[in-house]
Amino acid sequence: SYFKLSLKQKALVMGKDSLEYAKSLNNLGSFYTLQSNKEAETLLKEALSICEKKLGANHPSLVLIINNLIDFYSKTSNPSEAEKYKNRLKNISGK
């Protein structure tokens, strides 16, 4: 698909460990979540891993990716995983 080709191109140009690549992974993962595509989980987790390495485990920029994971797990009837990430959000926001 066009989106996968674009993602591959971004990986070649920016590198698979770049924040720009992670942003693209998150965007595609969010799009796949809307389509109930199981591949969303892999993309979102990879985006989260890259950002954690670059920014730290509690950086506020992780909130968007974590929210997308919560959305994915809520839509795929996996409440325990959704709750895990909700707790993680609380740790980041301090609430």
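Residues numbered from 1 in each chain as written. Predicted model: local features only at pLDDT ≥ 70, side-chain atom pairs only at ≥ 80, totals over all residues. Heavy atoms only, no water.

(A) Representation of the pattern of salt bridges in the model. A complete count under the given rule lists five salt bridges for this structure. With its nearest N and O atoms 2.2 Å apart, the salt bridge here joins K4 to E39. Taken together, the residues span a long stretch of sequence, with K4 in helix α1 (residues 2-14) and E39 in helix α3 (residues 39-55) at a distance of 35 residues. Its relative accessible area of 30% is what places K4 among the partly exposed residues. Measuring nitrogen to oxygen at the nearest pair gives 3.6 Å for the salt bridge that ties E41 to K45. With a gap of four residues between them, E41 and K45 both fall in helix α3, about one helical turn apart. Residue classification places K45 among the partly exposed residues on the basis of a relative accessible area of 36%. (Salt bridge = Lys/Arg side-chain N within 4 Å of Asp/Glu carboxyl O. Helix = DSSP H or I, 4+ residues; strand = E, 2+ residues; numbered from the N terminus. Buried < 20%, exposed > 50% of the residue type's maximum accessible area, 1.4 Å probe, protein only.)

(B) Quick peek at helix α2 (residues 19-34). End to end, α2 covers 23 Å across 16 residues, agreeing with the expected 22 Å (1.5 Å per residue, within 8%). Within α2, the full set of buried residues consists of Y21, A22, S24, L25, N26, L28, G29, Y32 and T33. On its buried side, α2 packs onto α1, α3 and α4 (63-75). Where α2 ends, the next residue or the one after it, S36, has phi of about 60 degrees, a positive value. (Expected span 1.5 Å × (residues − 1). Contact = heavy atoms within 4.5 Å.)

(C) Summary view of α1. For α1, built from 13 residues, the straight-helix expectation of 18 Å at 1.5 Å per residue is met to within 8% by its first-to-last C-alpha distance of 18 Å. Immediately downstream of α1, the backbone of G15 shows phi near 100 degrees, a positive value.

(D) Structural view of the packing of aromatic side chains. Evaluated as defined, the whole model comprises five aromatic pairs. Ring centres 5.8 Å apart and planes at 70 degrees place the aromatic pair Y2 and F3 in the edge-to-face group. Of the residues examined, F3 reaches a relative accessible area of 40% and is grouped as partly exposed. Residues Y73 and Y85 carry aromatic rings whose centres are separated by 5.9 Å and whose planes lie at 10 degrees to one another, so their mutual orientation is stacked. Pair noted here: Y73 is in helix α4 and Y85 is in helix α5 (residues 79-93), with a separation of 12 residues, a long-range link. With relative accessibility at 7%, the residue Y85 sits in the buried group. Among the aromatic residues, ring-to-ring pairing joins Y2, F3, F31 and Y32 into one connected group. (Phe/Tyr/Trp six-rings, centres within 6.5 Å; stacked < 30°, edge-to-face > 60°.)

Spatial relationships are all this shows, so hold off on functional conclusions.
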